[in-house]
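# Structure at a glance
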Amino acid sequence: MESKLEEVLGRLEYLVNQKHILGLKENCRGEKAFQRVPATSLLDESDVYGRDGEKEEIMKLLHPQNLTENQIDVIPIVGMGGLGKTTLAQLIYNDEKVDKWFELKAWVCVSEEFDVFRITKTILEEITPSCDRNQNLNQLQLKLKEKLLGKKFLIVLDDVWNQNYVHWKELSSPFTFGAKNSKIIVTTRDNNVAAIMRNVPTYYLDVLSDDDCWKLFANHAFDDTSPSKHPNLMAIGKAIVKRCNGLPLAAKALGGLLRCKLDTDEWSKLLHSNFWDIPDDACNILPALRLSYYYLPSHLKRCFAYCSIFPKDYEFQKEELICLWMAEGLLEFSKNNGNAEDRGNEYFRELRLRSFFQQSKGKKSGFIMHDLISDLAKSITGKFVCRLEGSGGSCEITERTRHLSNVQEEYDVRKKFETLPKAKGLRTFLNMRSSLMSSYASNVLIHDLLVKSSFRVLSLAKYENISELPEEIGNLKHLRSLDLSETSIRRLPNSLSTLFNLQTLKLVKCKNLCELPKDMERLVNLQHLDIRKTKIAWMPKGMGKLKDLRTLTNFVLAEETGSSITELGKLKHLRGRLVISGLKTVACKMDAKAANLKDKVNLKELELIWGENDDIDGDSKHDREVLEQLKPHINLEHLVIRSYKGTRFPEWVGHSSFSDVVSLELWNCNFCISLPPLGQLSSLKSLLISRFSGVVTVGDEFYGNRHASDKPFGSLEILSFEDMAEWEEWFCWSDEVFSLLQELCLRNCPS
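Below or above, wherever it landed, is the structure these notes cover. (Residues numbered from 1 in each chain as written. Predicted model: local features only at pLDDT ≥ 70, side-chain atom pairs only at ≥ 80, totals over all residues. Heavy atoms only, no water.)

## Topic: the packing of helix α10 (residues 231-244) against helix α12 (residues 264-271)
Between two packed helices, what matters for the description is the angle formed by their axes and the separation of those axes. Convention followed: Only the stretch in contact is used when a helix axis is fitted, and all axes are lines through C-alpha atoms; the angle between N-to-C directions ranges over 0 to 180 degrees. The helix count covers DSSP runs of H or I at least four residues long, the strand count covers runs of E at least two residues long, and both are numbered beginning at the N terminus. Working definition: roughly parallel below 35 degrees, roughly antiparallel above 145 degrees, roughly perpendicular at 65 to 115 degrees, and oblique for all remaining angles. Two helices that cross are described as forming a left-handed crossing if the nearer one is turned anticlockwise from the farther one by less than a right angle, and a right-handed crossing if clockwise. Any two residues whose heavy atoms approach within 4.5 Å at even a single point are treated as in contact.
Axis separation between α10 and α12 bottoms out at 10 Å; the angle between their running directions is 20 degrees. One finds that α10 runs roughly parallel with respect to α12. Along this stretch, α10 crosses α12, giving a crossing that reads as left-handed. Taking contact as the criterion, the partners of Asn232, Leu233, Ile236, Gly237, Ala239, Ile240 and Arg243 in α10 are, on α12, Thr264, Trp267, Ser268, Leu270 and Leu271.

## Details of the sheet that holds strand β8 (residues 366-368)
Rules: If DSSP finds at least two bridges between two strands, the strands pair.
Pairing is antiparallel across the open sheet formed by three strands, whose spatial order is β6-β8-β7. Only two strands of the sheet have a single neighbouring strand rather than two, namely β6 (316-317) and β7 (358-359). The pairing of β7 with β8 spans two bridges and is antiparallel. Across the sheet, residue Gln359 finds its bridge partner in β8, namely Phe367.

## Here's the deal with helix α16 (residues 340-353)
Selection rule: Given a helix with a known number of residues, its expected span is that number minus one, times 1.5 Å. What qualifies as a polar contact is a pair of N or O atoms within 3.5 Å, subject to a donor-acceptor requirement within protein and to the restriction that residues adjacent in sequence count only when both atoms come from side chains.
Given a rise of 1.5 Å per residue, 14 residues ought to cover 20 Å, and the 20 Å separating the end C-alpha atoms of α16 matches this to within 8%. Looking at the buried residues of α16, the elements they touch are α8 (191-197), α14 (298-306), β6, α15 (318-327), β8 and β17 (528-530). For α16, the side-chain oxygen to backbone nitrogen distance between the N-cap and Glu341 is 3.0 Å, and the N-cap itself is Asn339. Two residues or fewer past α16, Ser355 is found with a positive phi of approximately 70 degrees.

## So, the layout of surface pockets
Spelled out, the test is: Definitions used throughout: a 1 Å grid over protein atoms alone; a cavity as a set of points that fits a 1.4 Å probe which cannot get out; a pocket as an open set with protein on both sides within 12 Å along at least five of seven lines; a lining residue as one with an atom within 4 Å of a point. Grid points are joined across faces, edges and corners, and a volume is the space filled by probe spheres set on the points. Residues are sorted three ways: Asp, Glu, Lys and Arg are charged, Ala, Val, Leu, Ile, Met, Phe, Trp, Tyr, Cys and Pro are nonpolar, and all the rest, Gly among them, are polar.
Looking at the largest pocket, its volume works out to about 1400 Å³. Of the residues forming the lining of the largest pocket, the biggest block, six residues, is contributed by α15. Per-class residue counts for the lining of the largest pocket are 13 nonpolar, twelve polar and 18 charged.

## A look at the packing of aromatic side chains
What counts, and what does not: Each Phe, Tyr or Trp ring (for Trp, its six-membered ring) is paired with any other whose centre lies within 6.5 Å, and the angle between the two planes then decides the class: stacked below 30 degrees, edge-to-face above 60, tilted in between. Think of it in three bands: residues with accessible area under 20% of the maximum for their type are buried, residues over 50% are exposed, and the middle band is partly exposed, with areas taken using a 1.4 Å probe on protein chains only.
Scanning all chains against the criterion turns up 30 aromatic pairs. Ring centres 6.3 Å apart and planes at 55 degrees place the aromatic pair Phe702 and Phe721 in the tilted group. Taken together, the positions of Phe702 in the loop between β25 (697-698) and β26 (718-722) and Phe721 in strand β26 put the pair 19 residues apart, joining distant regions of the chain. Exposure class is identical for Phe702 and Phe721. Each is buried. Members of the aromatic cluster, connected to one another through ring pairs, are Phe310, Tyr314, Phe316, Trp325, Phe348, Phe357 and Phe367.

Spelled out as structure tokens, the structure:
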């Protein structure tokens with residue numbers, strides 16, 4: 001190390017001397033990555049496609065009959081770079097109706113530098129061409145106030161980046177003297193900017209349809225000729241448009257790049273090229289998007305660039321990405337200033353607000369990156385990140401590769417990874433879920449991965465042929481995230497317990513896995529343990545020592561074996577989902593109380609399981625006392641109780657204080673003779689009751705003690721009763737409520 005330091009210092013000294021010899025001067029302000037040409041209000045409307053609906057929606061907000069309580073309506077149009085926000089604003093600004101609705105109009109391209117003096121001066125020049133150029137800001141604002149006084153105006157502030165609220169208030173002070181219901185349209189890529197300026201809901205601009213995107217592309221690609229005259233190019237062109245993914249800037253730029261080039265080879269070459277390989281002076285797609293990246297703080301730049309590890313169209317969960325950032329050490333925090341995950345949530349929110357992430361149209365909890373945002377990330381990381389997408393993928397693993405993702409094939413053969421040994425400093429191997437039911441990896445791949453001691457993230461998920469891990473897994477001392485989900489793993493070597501830096505361990509659907517390593521308590525940095533759908537029969541002793549544990553999907557109790565339920569009380573940061581099974585083994589109610597569920601404020605889903613045996617083991621009073629002490633925090637949203645042996649439920653089940661509960665399931669509680677007062681749960685939307693063979697009558701107790709004006713089950717949408725063998729009578733709180741519940745019950749459980 002000493003010799004390396006001397007070499008680095010020598011090179012630095014040489015460079016300093018060269019600076020003096022060449023007469024170079026220091027410059028704190030670097031060159032901008034991309035300088036956008038300021039947009040004017042002029043527009044060729046024949047070059048606009050697919051924005052009629054959006055234009056009409058904004059025009060409704062500008063209409064004189066759209067009266068609001070605001071003196072001025074500030075309407076933000078938000079979307080990623082290249083989406084056509086400026087074009088939409090130009091369409092509106094140039095509409096003849098707008099000229100009739102407003103006495104004054106002004107267009108300002110604000111761009112990166114939010115200079116209050118310059119913007120005020122530009123607005124004044126727009127409405128008063130003879131504006132004196134020698135005035136100061138005070139004089140300018142007084143003059144602007146005078147011109148706007150009592151007049152209805154429309155101002156467009158295009159391409160705003162400013163997040164300083166004070167600067168906005170300084171600029172907007174003269175606007176308040178205009179006539180009521182004057183309007184300001186703001187276009188921005190950043191929702192933070194919109195939040196500072198708006199006083200009406202933000203308008204989020206969406207991508208173009210494939211059909212409109214094709215029309216825009218064809219308008220630029222085919223010079224004064226009909227696309228139908230070139231059927232060989234149309235097929236390629238439509239494939240290129242698919243890659244634009246609805247982004248007008250991309251369709252226009254690529255169409256212009258192919259203008260007058262009616263050669264099939266040229267078009268095919270562009271179709272199969274990486275956008276980041278196209279020179280910036282030929283196509284300004286990535287430079288335009290790179291401006292968004294340029295203005296990110298350095299900590300967000302690192303986190304965004306890391307996302308290039310995801311294949312295009314990959315749908316990821318927020319929690320999944322934050323765990324990866326955390327494992328890679330990309331989240332800045334101090335022990336006195338929150339924790340890494342809180343910081344990760346903050347980073348994710350910032351990137352989403354800046355239009356780098358979009359909510360998936362499939363799952364509300366999922367997110368995706370636009371294909372061109374993915375290309376931007378890949379252009380930044382270059383060879384440091386490699387995505388293997390098929391055996392013939394274009395990505396090559398080199399000695400510079402630090403992060404590697406792999407879209408699995410049915411057989412991930414040796415040839416696909418033959419250059420893997422080159423990546424000496426590999427930190428990430430991430431299996432990306434494919435549509436395959438299962439996948440098989442070569443033994444050589446597993447060997448080559450387990451010898452890389454530099455790993456922070458290792459995912460072998462969905463490799464069905466992995467049935468065991470060698471003890472050598474313990475050599476990966478830097479490992480922070482390990483995913484073995486959907487493998488055939490039978491046991492985990494105890495050497496896994498020596499991975500003291502491990503933060504995340506995923507074992508979802510490891511259907512052959514029966515136990516965890518006995519020394520799990522040594523994994524003191526573990527934060528996430530996901531063991532859903534495994535056969536684990538008990539938790540190892542000492543689980544309470546894992547003080548940082550936040551995710552613990554299942555806590556399995558067994559008689560005289562492993563951890564006691566009291567260990568849960570030491571895990572103060574649990575959140576999300578928790579299943580506690582084997583509750584029939586709890587010795588006394590004080591042990592249940594020690595689990596301290598009532599103080600776990602971030603626990604949203606709770607499932608309590610006694611055991612599948614229908615025989616009463618001992619006193620049903622004991623089971624009721626245990627359940628009584630397992631009262632969760634009132635923040636709970638989903639509750640499931642299975643195989644409870646008590647004859648009635650404790651008071652907290654169905655108590656009105658649990659106003660956040662939206663779903664509740666009661667299964668196999670055959671010794672209960674009555675139902676709890678679930679009608680008091682004001683937010684309850686889904687209720688399932690199954691196998692209550694002790695219930696003969698459903699009466700007023702089901703609806704609870706409510707005021708006469710409060711209708712029980714006011715939010716209920718789904719109601720199912722199943723396998724109620726002895727049920728004979730149903731008395732209802734009112735005929736109206738009875739009819740509603742009967743309708744819901746028949747709709748969801750017609751039998």
